[in-house]
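Structural characterization, general
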Amino acid sequence: MTKKPIVALIYDFDGTLSPGNMQEFGFIQAVGKTKEEFWKLSDGIAVDNDASNVLAYMKLMYDEARQAGIPLRKESFKAFGKHIELFPGVREWFRMVNAYGASKGVKVEHYINSSGLKEIIEGSPIAHEFKHIYAGTFIYDGEGNAVWPGIAVDFTAKTQFIFKINKGIFSAHESRMVNASVSDDKKRIPYSNMIYFGDGETDVPCMKIVGMFGGNPIAVYDPSSSRKKAAAEKLRRQGRVKFITPADYTYGSRTFNIVCAIIDRIKAESQLSSLASSDM
């Protein structure tokens, strides 16, 4: 019996599924800042200390929450996640793509690969749609309060999760299995069966890896922003992505049609590979 191919749809979050940064939908307002003020302070911490931008924003979240008397607990982050805005069609997207894949004899899985916070994404209305969420996290004390960054995911750190998806590793801290040599036929999802969605330069390393190994990097952009569209067009000119598309996930959209066409190709290639390896 031929094994059903798995197609992995891997998404950045901020600017890809949501029109803003996840901290901007409740947390920043709760600590009494505008988004401009918050990110200016965060960038200042990174520049002044020659530090990671991701660790800088995590520290600022921790400091601002303590100052405002807001407990930083997993349930607090999840509560903020409930208010995240999503691009058109995102809520229905997963059901539609899953159904199309099933109609073609393909299993579709969805993953998040984000520099944001896992705990906030887990509170979003689409959290249950993902096979796994790879993102930043805090470490919590015995009383459940955030005390230290646990995982900080910058644009190069995101690449490790592409390798983990390839090998079927659903743990952020596992590194031994990532570096282990595994034959291609033992890897859970071939790179050629990956579709990577990103919106900007922080996604370039992942786009490069997925595309280099035969996968399908896609740049999405907010159609209301000429700057975002120009950034996506630049990525295509540079050969970073194969496709660009507005962040419209509704049925019949360009995004939907691109993904359906890729699924068709993956299914056809799987059938050809099976025929090539079988007896007459």
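Preceding this section is the structure that the text describes.
Residues numbered from 1 in each chain as written. Predicted model: local features only at pLDDT ≥ 70, side-chain atom pairs only at ≥ 80, totals over all residues. Heavy atoms only, no water.

Some details on the overall build of the protein chain
Short version of the rule: Numbered from the N terminus, helices here are DSSP runs of H or I no shorter than four residues, and strands are runs of E no shorter than two. Buried, partly exposed and exposed residues are distinguished by accessible area as a fraction of the type maximum, computed with a 1.4 Å probe on protein chains only: under 20%, between the cut-offs, and over 50%, respectively. Pairs of residues are marked as contacts when any of their non-hydrogen atoms sit within 4.5 Å. The accessible surface values rely on the Shrake-Rupley method and a 1.4 Å probe; as for residues, cover is taken only from the protein chains in view. The positive count covers Lys and Arg only, the negative count covers Asp and Glu only, and His and the chain ends enter neither. Lysine's charge is taken at NZ, arginine's at CZ, aspartate's at CG and glutamate's at CD.
Of the regular secondary structure elements, the protein chain holds 11 helices and seven strands. Across its three principal axes, the protein chain shows a C-alpha extent of roughly 70 × 45 × 35 Å. With 280 residues in all, the protein chain has 48% of them scored as buried. Of the contacts formed within the protein chain by residues at least 6 apart in sequence, a portion of 61% connects residues at least 24 apart. Here the protein chain has roughly 13800 Å² of accessible surface; of this, 52% comes from carbon and sulfur atoms. For the protein chain, the centre of its 36 positive side-chain charges and the centre of its 32 negative side-chain charges are spaced 6 Å apart.

Section: the packing of helix α2 (residues 35-49) against helix α3 (residues 53-68)
Note the threshold: For helices, the axis comes from a line fit to the C-alpha atoms of the stretch in contact; other axes are also lines fit to C-alpha atoms, and the angle between any two N-to-C directions lies between 0 and 180 degrees. Working rule for angles: under 35 degrees goes down as roughly parallel, over 145 as roughly antiparallel, 65 to 115 as roughly perpendicular, anything else as oblique. In a left-handed crossing the near helix is turned counterclockwise from the far helix by less than a right angle, and in a right-handed crossing that turn is clockwise. Classification convention: Asp, Glu, Lys, Arg as charged; Ala, Val, Leu, Ile, Met, Phe, Trp, Tyr, Cys, Pro as nonpolar; all other residues, Gly among them, as polar.
Interaxial distance between α2 and α3 falls to 8 Å at its minimum, and their mutual angle equals 120°. By the angle class used here, α2 and α3 are oblique. Handedness of the α2/α3 crossing: right-handed. Of α3, the residues touching α2 (which contributes Phe38, Trp39, Leu41, Ser42, Asp43, Ile45 and Ala46) are Asn53, Ala56, Tyr57, Leu60, Met61 and Glu64. Residues belonging to the contact of α2 with α3 are distributed by class as follows: nine nonpolar, two polar and two charged.

Focus on the environment of Pro205
Structurally, the position occupied by Pro205 is in helix α9 (residues 204-212). Taking C-alpha positions, Pro205 is 9.2 Å from Ala157, a pair spaced 48 residues apart along the chain. What Pro205 contacts, discounting residues up to four positions off in sequence, is Phe155 and Thr159.

Comments concerning the side chain of Asp199
Our working definition: Contacts described as polar in this section are N or O atom pairs within 3.5 Å, which, within protein, must combine one atom able to donate a hydrogen with one able to accept it, while residues neighboring in sequence count only if both atoms come from side chains.
By secondary structure assignment, the location of Asp199 is in the loop between β5 (194-198) and α9. A polar side-chain atom of Asp199 sits 3.3 Å from a polar atom in the side chain of Lys228.

A short note on the packing of aromatic side chains
Put simply, the rule reads: Under the pairing criterion, centres of Phe, Tyr and Trp rings, with the six-membered ring standing for Trp, must be within 6.5 Å; the plane angle then separates stacked pairs below 30 degrees from edge-to-face pairs above 60, leaving the rest tilted.
Overall, the coordinates contain 20 aromatic pairs when judged by the stated rule. With a centroid separation of 6.5 Å and an interplanar angle of 50°, the aromatic rings of Phe197 and Tyr249 are classed as tilted. Here Phe197 is found in strand β5, whereas its partner Tyr249 is found in the loop between β7 (243-246) and α11 (254-277), with 52 residues between them in sequence. Each member of the pair, Phe197 as well as Tyr249, carries the same accessibility label: buried. Taken together through their ring pairs, the aromatic side chains of Tyr11, Trp93, Phe94, Tyr100, Phe130, Phe197, Tyr249, Tyr251 and Phe256 make up a single cluster.

Comments concerning a nonpolar patch on the surface
Using the following cut-off: Here the term patch refers to residues with relative accessible area over 30% and no salt bridge, with like charges joined within 9 Å and nonpolar side chains (Val, Leu, Ile, Met, Phe, Trp, Tyr) within 5 Å. A side-chain nitrogen of Lys or Arg and a carboxyl oxygen of Asp or Glu constitute a salt bridge if their distance falls within 4 Å.
Where nonpolar side chains cluster on the molecular surface, the patch consists of Ile139, Val147 and Trp148 and spans about 320 Å² of accessible area. Along the chain, the position of Val147 falls in strand β4 (residues 146-151). With a relative accessible area of 34%, Val147 lands in the partly exposed category.

Thoughts on the pairing of strand β2 (residues 107-117)
Rules: By the convention used here, strands pair only if DSSP detects at least 2 bridges between them.
Of all 11 residues that make up β2, 10 are buried, and the element is covered over most of its length. As judged from the six bridges shared by strand β1 (residues 6-11) and β2, these two strands associate in the parallel manner. In the strand pairing of β2, Tyr11 is matched with Ile112. Relative to strand β3 (residues 132-140), β2 is paired through four bridges, and the arrangement is parallel. Bridge pairing in β3 links Leu117 to Gly136.

Here we look at the packing of helix α7 (residues 159-167) against α9
When two helices pack together, their arrangement is given by the angle between the helix axes and the distance between those axes. Where α7 meets α9, the closest approach of the two axes is 8 Å, and the angle between their N-to-C directions is 35°. Along its contact with α7, which presents Thr159, Ile162 and Phe163, the element α9 presents Pro205, Cys206, Ile209 and Val210.

Some thoughts on unusual backbone geometry
One non-glycine residue, Asp50, lies in the positive phi region at around 50°. Among the secondary structure elements, Asp50 is positioned in the loop between α2 and α3. Relative accessible area serves as the criterion here: at 74%, Asp50 is assigned to the exposed category.

A word on the pairing of β3
Of all the nine residues making up β3, eight are buried; the element is thus mostly covered by neighbouring parts of the structure. Examined bridge by bridge, β3 and β4 share four bridges and lie antiparallel to one another. Bridged to Tyr140 within β4 is Ala146.

What is shown is where atoms sit, not what they do.
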